[in-house]
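# Chains, contacts and geometry: an overview
Here are the chains, one letter per residue:
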Amino acid sequence: IPAIRERPPMPPTLILPRPDDFHVHLRNGMVRFLATPFTAEHFGYALVMPNTRPCPILTAEDAMNYRRDLMQYFPENKDFHPLMSIQITDKTTPDMITGTKAIVTAGKLYPEGVTTNSDNGVRDFKRLYPVFEAMQKEGLVLCLHGESPDHNISGLNREAAFLPQLREIAIKFPGLQIVLEHITTHDAIREVESLPNNVAATITAHHLWITIDDIIGYSQRSQGKLRPHNFCKPIAKHEFDRQALCHAATSGNPKFFFGSDSAPHPVDDKECSRVCAGCFTSPVALSILAEVFERMNALHLLEDFLSVHGKNFYGLPPRMNAKKITLIKESWVVNGSTSADWPNADYRRPILIIPFLAGETLTWRVT
Ligand code: NCD
Ligand code: ZN
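It should be emphasised that the depicted structure is a prediction, and the values quoted were computed from it without experimental measurement. Along every chain, residues carry numbers that run from 1 in the direction the sequence is written. Chain letters and ligand numbers both follow the written order, the letters beginning at A and the numbers at 1. Per-residue local features of the predicted model are confined to residues with pLDDT of at least 70, and side-chain atom pairs are confined, for both listing and counting, to 80 or more; whole-chain, interface and lining totals are unaffected and use all residues. The basis for every side-chain value is the complete set of non-hydrogen atoms in the structure, without hydrogens or water.

### As for the sheet that holds strand E3 (residues 45–48)
Defined as follows: A strand pair is defined by DSSP finding two or more bridges across the two strands. Only DSSP runs of H or I with at least four residues qualify as helices, and only runs of E with at least two residues qualify as strands; both kinds are numbered from the N terminus onward. Axis definition: a line fitted to C-alpha atoms, limited for helices to the stretch in contact. Angles are taken between N-to-C directions and run from 0 to 180 degrees. Any two residues whose heavy atoms approach within 4.5 Å are treated as being in contact.
The eight strands are arranged E2-E3-E4-E5-E6-E7-E8-E9 in an open sheet whose pairing can be described as parallel. Both edges of this open sheet fall to strand E2 (21–24) and strand E9 (256–258), since each of them pairs with a single strand only. Neighbour-to-neighbour, the strand axes of this sheet turn through a mean angle of 30°, independent of strand direction. Bridge count between strand E6 (residues 141–144) and strand E7 (residues 178–180): three bridges; the pairing is parallel. Bridged to Cys143 within E7 is Val179. Contacts between helix H4 (residues 158–172) and the sheet are confined to E6, E7 and strand E8 (199–203), with E7 contributing the most and set at about 170° to the helix.

### Topic: the site of ligand 1
Stated precisely, the cut-off is as follows: Only heavy atoms are used to decide nearness, and a residue is near a molecule or strand if one of them lies within 4 Å of it. Nitrogen and oxygen atoms within 3.5 Å of one another constitute a polar contact, given that in protein one can donate a hydrogen and the other can accept it, and given that sequence-neighbouring residues count only through two side-chain atoms. Areas reported as accessible are Shrake-Rupley estimates using a 1.4 Å probe. Residue values count occlusion only from the protein chains shown. Definitions used throughout: a 1 Å grid over protein atoms alone; a cavity as a set of points that fits a 1.4 Å probe which cannot get out; a pocket as an open set with protein on both sides within 12 Å along at least five of seven lines; a lining residue as one with an atom within 4 Å of a point. By definition, a pocket or cavity contains a molecule when more than half of the molecule's atoms lie within 2 Å of the pocket's grid points. Three classes are used, and their members are as follows: Ala, Val, Leu, Ile, Met, Phe, Trp, Tyr, Cys and Pro are nonpolar, Asp, Glu, Lys and Arg are charged, and the others, Gly among them, are polar.
Around ligand 1, the surrounding shell holds 15 residues, and the nearest of these are Arg27, Asn51, Thr115, Lys233 and Asp261. With respect to ligand 1, the backbone of Lys233 contributes an N or O atom lying 2.7 Å from an oxygen atom. Expressed as a share of its isolated accessible area of 310 Å², the protein-covered part of ligand 1 is 100%. Placement of ligand 1 is best described as lying within the largest cavity. Looking at the shell around ligand 1 residue by residue, the classes come out as three nonpolar, nine polar and three charged.

### With respect to unusual backbone geometry
Residues other than glycine predominantly adopt negative phi, and peptide bonds predominantly adopt the trans conformation. Condition: Exposure classes here rest on a 1.4 Å probe applied to the protein chains alone. A residue is buried below 20% of its type maximum, exposed above 50%, and partly exposed in between.
Here the residue pair Arg53 and Pro54 is connected by a cis peptide bond, since its omega of 5° sits within 30 degrees of zero. Topologically, Pro54 is positioned in the loop between E3 and helix H2 (60–71). At the junction of Lys233 and Pro234, the peptide bond is cis and its omega measures out at -5° in the coordinates. Of note, Pro234 is situated in the loop between helix H7 (213–216) and helix H8 (239–249). Residue Leu357 is not a glycine yet carries a positive backbone phi of 65°. Topologically, Leu357 is positioned in the loop between strand E12 (351–353) and strand E13 (361–366). The buried category is assigned to Leu357, whose relative accessible area is 5%.

### Observations concerning empty space enclosed by the protein
Using the following cut-off: Grid points are joined across faces, edges and corners, and a volume is the space filled by probe spheres set on the points.
Counted under the stated rule, the structure contains four cavities of 30 Å³ or more. Along the wall of the largest cavity there are 16 residues; nearest its centre are His25, Thr115, Lys233, Asp261 and Ala263. Across the lining of the largest cavity, the residue classes break down as four nonpolar, eight polar and four charged. In this structure, the second largest cavity encloses a volume near 60 Å³.

### Describing the packing of H4 against helix H5 (residues 186–194)
Packed helix pairs are characterised by how far apart their axes lie and by the angle those axes make with each other. Our working definition: Relative orientations are named as follows: roughly parallel for angles under 35 degrees, roughly antiparallel for angles over 145 degrees, roughly perpendicular for angles from 65 to 115 degrees, and oblique for any other angle. Crossing chirality is assigned from the near helix's rotation relative to the far helix, an anticlockwise turn below a right angle marking it left-handed and a clockwise turn marking it right-handed.
Two elements in contact, H4 and H5, have axes whose closest approach is 9 Å; the angle formed by their N-to-C orientations is 15°. Taken as axis vectors, H4 and H5 run roughly parallel relative to one another. Of the two possible hands of crossing, H4 and H5 adopt the one that is right-handed. Here Glu159, Ala160, Leu163, Leu166 and Arg167 of H4 come into contact with H5, specifically with Asp187, Ala188, Glu191 and Ser194.

Structure representation (C-alpha cells):
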C-alpha cells in the first residue's frame, strides 16, 4: 500500500488592502529609477518627500512636474497613487500655498541642517506663521521633521528638544493637520498622544526594529561593527524607545500610522568617511512590520496601521479596486543590493543601492 502523502500545511497568510506609505523619498536621477518600483509595487498612496537634489520641490508647479516624471516608471500600475509634497522654506509665501490643494497634499518642513538635503531648512518658525495660516485654510497637511537644529543639543536629544515647538504650532493653528514625522522616542509618543487630534505621527519600520546600538556596533546583532546602512536621521534611540514605538504602532490609536522614510543613497555615499543619513527600507518594510506586529500579538491591527489611520488623517478615500497585498510566513534572505547601469556621463560606474537588512533573514515574505 503506498504511503499516503500528507499535504504540507499552508503557511500562515495575511491578505491586506493595499498599504499606504505616508513618507517616502523617491529621489530623482538614477536613484529614482532604482527605488521607485519598490514603492509602486507594494503601496497604494505614497506621500513623496520634496528634498530632491539638485532641485528641491518648492512649488506646486515643481510638484506637478515631479509627479509626471515619476509616473513614467509605472505607466501600467493603476494601484499606485503618489501624493505630492512641497518643501516649506524661508522663501515660501502664503501665495505659494493658496489654490494648490488639487496638486499638493502636504508641506514638509525641515529645520535647517538636521538631515540629508536640509541645508535650505528653517530656523525661525514664527516667520512662517502666515504660511501655516494659508496651509490651514487650503487644507494642506504640515509634515514636520521634528528635530531641533540647535548644535548645542546632542543628536540623541534633538527630537525631545523639538516638542515644545510642535506644541506651540499645534495649539496656535487648531485647524492645521500636523504630522510629526518618523518619531523615535517615548517622549514624542507621549507628546503626540497628549496633543489635540490635529496632530498625528508616522512611525517607520526600521525604528521598530533597531536601536542606536545596532548602528554604532554595540549590539550582538551588529557583531561589534559600525553599520552605515542602519544610519538615518532621526537616529534610532534606545531599547526603551523602540519598545514604546512598538506599543504605539500596535495600540490601535489612529494618531499613529506608517511612513517608511525609505531614503535610498548610492552605496558610495553610505560606505565612506562621511556617511549620508537614510535607510532604504522599501524592499523590506512590510516584512518587518508583519514580524513586529506578530511578536506584539497584534497582527489584527496591522491593517489599521498600514491602510486605515493614515488615509483617515489625510482625508483620502479608500481605493476599493486596488490590488490587495499578500504576505506569507516564509523565511527569505534580503537581497544584497539593487543596481543598474545608467547611460549617463554623470555616473561612471553602475549605481548600487544596498537595502536595509541586506543579507539578513526575515520571516514574512510579500508574494
Ligand atoms: C532622509 C534623506 O536621505 O532624504 N534621510 C534620513 O535619514 N531619513 C531625510 C529625512 O527624512 O530626514
Ligand atoms: Zn524622510
